[in-house]
Amino acid sequence: MRQATQSMLQRWGIGLLVLFLSACLFHQGLANEKYFEDEGAYLAGSYYYRLVKEGRLNDVDWFYLGSYDHLQVGRWMIGAALDARGLRLSDSTRELEAWYGADGIRQTEIDPSEVGRLFAARMVMMFGGAIGCWAIFIIGKQMVGPITGLAAALLLGGSPLYLTHARRAMPDDWVIAFGLIGLTCVFFVAKRLPLRRGYWFHLTRTLPGIGVAGIAFGLSAATKLSGISILIAVLVNAGLLLALSAPWRVTGPTHTVMKRWGIVILGACVVAAGTFVAAHPFFYARPKLPPINPDQPTLVVDGQARNAKWIDDYVRPLADAGIGERLRYLVQYRQSVLDDPKIQDRFPKDKLPTTASRIAAMLHDGWGKHLYAANFGFTSSFSSFLVGTLVLSGLIWCGNEGTRLWKMGMLPIPWMLIIWFAVEGAILTRELSLNWDRYYLGWITITALLSAVGIGGPISSMGRRLVLLPPMPPEERPNSLKATTQTAGPTPLPGHP
C-alpha cells in the first residue's frame, strides 16, 4: 500500500504542484490586469451560453456574425462562471452589436458595474493557463524527464505574453491547454502501442487515450480555429511515418505497429471533428423562418423583430446549407478577415505585408519580446539569438532521438515536435498579417518546449552514453519485443527478427 502511494505521488505529485504553483502565479495581479477591449466581446458573448442553457439550439442568433466570429467554447466557459456566481448573463445580441458597431473605437476602460463579471470571467481563463503549464510539463517529462518538464512549464509560464493572456477574459490560453492535452494523450498512446495481440486488445488499451485526445483537439479548434495547428502536426507526422514504412525498409516499427498507429490517429481525428461540430450550434441550427415577404422591412423570428434583409440575404442560405457548406463559410469568413486590407490599414503600425516582415516579427517579437528571455532585460535581438540557439539544440536532439527510436523499432515521437514547429511557423508566415501579440501564443508554446528539450535532451543523452543513467530494462521499453512476448507468448511476429 505504501509503495503504491509513493508511486502515485511520484507520478502525479510534481504535476499537481506545477498546476497549483502556476495558478498561484497567474492569480497574482489578476484583478489589476489592464482591461483589454476584446474582453468586452467575450462578456457580451455570454448570451450564447444562455441560449444553450435554455435549450434554444435552433435560435436564429446562431447565424449572427458574433456567433462565428468568436467561437463558442470560451464563451460557454465564461457564461458558466458568471451563472455559477449569480452574475448577469447577456440577454440578447445587443451588447455584441454595440461592440461590433464601434468601428474600431471601443471602450478602453471597464464600467465599474462590470468589474465583478470581468473578474469571474478572468478566473476561469486563469485555470486554462495553469492547465497549459501542467500539460507542457507532462509532455517534457514524457520526452526526456521530469526536469525537462519543469523547465518547459517554467519557460512557458514565465513568458510575458502567456502570463498576460492567463489574466484576461479571453480563451487563448485554453486553446493552448486543450491542444497540449491532446498531444499528451497522443504521446501516451504512442509509447504504449502493443506489438502483438488482436485489435480488441489494442483498442481497449488505447481507446481512452484516443477519445481524450480527439475531444481535446476538437475543443481547441472549437475555441479558436488556430487550435488546429497541433492536430495538423499530428496528421503530418502520421503521414510521414506511413510513407517511411515502405516494404523494402530494414529499420523502423513493424507494419502491425504502423497500422495500429494509423487507427489511433484516424480515431482521434474523427472524435475531434465530431467535438468541433457539436460545440457550435452554428453548424446544425435549423431556425423556423417565416415566408419571404419583400414588402416587410422586419420579420418576427423567435419572438423578436429582425431585419428582413439580414434574414433573406444571410440567414436563409445558411439555414438551408449542410454542415460542410457552413464550415466552408466559416473558414472563408475567417480568411477574409485576416486578408482584408481595410482592417490592416486601420492598424498601420502593426501591418505585416510581406513574408520577410512576418518572419522578422516572429523572430524579433515572438522570440524577443514575448518569451522568457525578455524577463531578464535583454534586447530583442539578443533574446532572439538565445532562444534560437536553444530551439536549434532542441530540434537537433529531437531529430537524433527520433532516429534512434526508429532504428529500435519504436515510434519516433520526438519528430512530432519538429513537425509542430514547422507547421506553426508555416501558418504564421502565411497568416500573420498583423503584429498582434495573441497570434504568437502557439509559436511561443512550441518554442518553450523545444528550448527545454534543447537543454535537458543533450544532458540526458550524454548521461546515457557515459552510463551515468541506468539503462532501461527491456521489459519496460515501450513497444519492445521482449515486453510483448512476456505477455503475449513466445510466437514471433512474421518477418520480425
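Rules used in this analysis
Residues numbered from 1 in each chain as written. Predicted model: local features only at pLDDT ≥ 70, side-chain atom pairs only at ≥ 80, totals over all residues. Heavy atoms only, no water. Helix = DSSP H or I, 4+ residues; strand = E, 2+ residues; numbered from the N terminus. Buried < 20%, exposed > 50% of the residue type's maximum accessible area, 1.4 Å probe, protein only. Areas by Shrake-Rupley, 256 points an atom, 1.4 Å probe, with all protein chains shown as cover. Core = buried A, V, L, I, M, F, W, Y, C linked by side-chain atoms within 4.5 Å. Contact = heavy atoms within 4.5 Å. Axes fitted to C-alpha atoms, helices over the stretch in contact; angles between N-to-C directions. Parallel < 35°, antiparallel > 145°, perpendicular 65-115°, else oblique. Left-handed = near helix turned anticlockwise from the far one by under 90°. Nonpolar A, V, L, I, M, F, W, Y, C, P; charged D, E, K, R; others polar. Salt bridge = Lys/Arg side-chain N within 4 Å of Asp/Glu carboxyl O.

Student: Can you break down the overall build of the protein chain residue by residue, with the values?
Tutor: A count of helical and extended segments in the protein chain gives 21 helices and two strands. In the protein chain, which comprises 497 residues, the proportion classed as buried is 50%. Of the roughly 23300 Å² of accessible surface on the protein chain, 66% is carried by carbon and sulfur atoms.

Student: Provide a residue-level description of the nonpolar core, including the pertinent values.
Tutor: Note on soluble globular proteins: their nonpolar side chains tend to be buried together. Grouped together as the largest cluster of nonpolar side chains are 84 residues, with contacts concentrated most on L183, W261, L417, W420 and Y440. Element by element, the count of residues in this core is highest for helix α7 (residues 115-143), at ten residues. Ignoring sequence-local partners within four residues, the contact set of L183 consists of I139, F217, I230, V234, M416, L417 and W420. Within the second largest apolar cluster, 49 residues are counted, among which are Y47, Y48, A279 and L330.

Student: Before we move on, can you summarise the packing of helix α10 (residues 172-191) against helix α19 (residues 415-431) with the specific residues and values?
Tutor: The geometry of α10 relative to α19 is characterised by a closest axis approach of 12 Å and an angle of 150° between their N-to-C directions. The angle between α10 and α19 falls in the class roughly antiparallel. Classified by chirality, the crossing of α19 by α10 is right-handed. Across the interface between the two elements, L180, L183, V186 and F187 from α10 touch M416, L417 and W420 from α19. Along the lines of polarity and charge, the residues of the contact of α10 with α19 split into seven nonpolar, no polar and no charged.

Student: Give a detailed account of the pattern of salt bridges, specifying residues and quantitative values.
Tutor: This structure, assessed with the given rule, holds 15 salt bridges. The shortest N-O distance in the salt bridge between D83 and K53 comes to 2.9 Å. Taken together, the residues D83 in helix α5 (residues 72-84) and K53 in helix α3 (residues 46-53) connect sequence positions 30 residues apart. We classify D83 as partly exposed; its relative accessible area is 26%. Look at K53 and you get exposed, because its relative accessible area is 52%. For the salt bridge of D61 with R306, the shortest nitrogen-to-oxygen distance reads 2.7 Å.

Student: Quick rundown of the environment of Y42? Include the residues and the values.
Tutor: Here Y42 is to be found in helix α2 (residues 37-44). Sequence-wise, Y42 and L118 are 76 residues apart; in three dimensions their C-alpha atoms are separated by 9.6 Å. Discounting chain neighbours no more than four positions away, the residues touching Y42 are H70, R75, I78, A169, M170 and P171.

As far as function goes, none of this settles anything; it's purely spatial.
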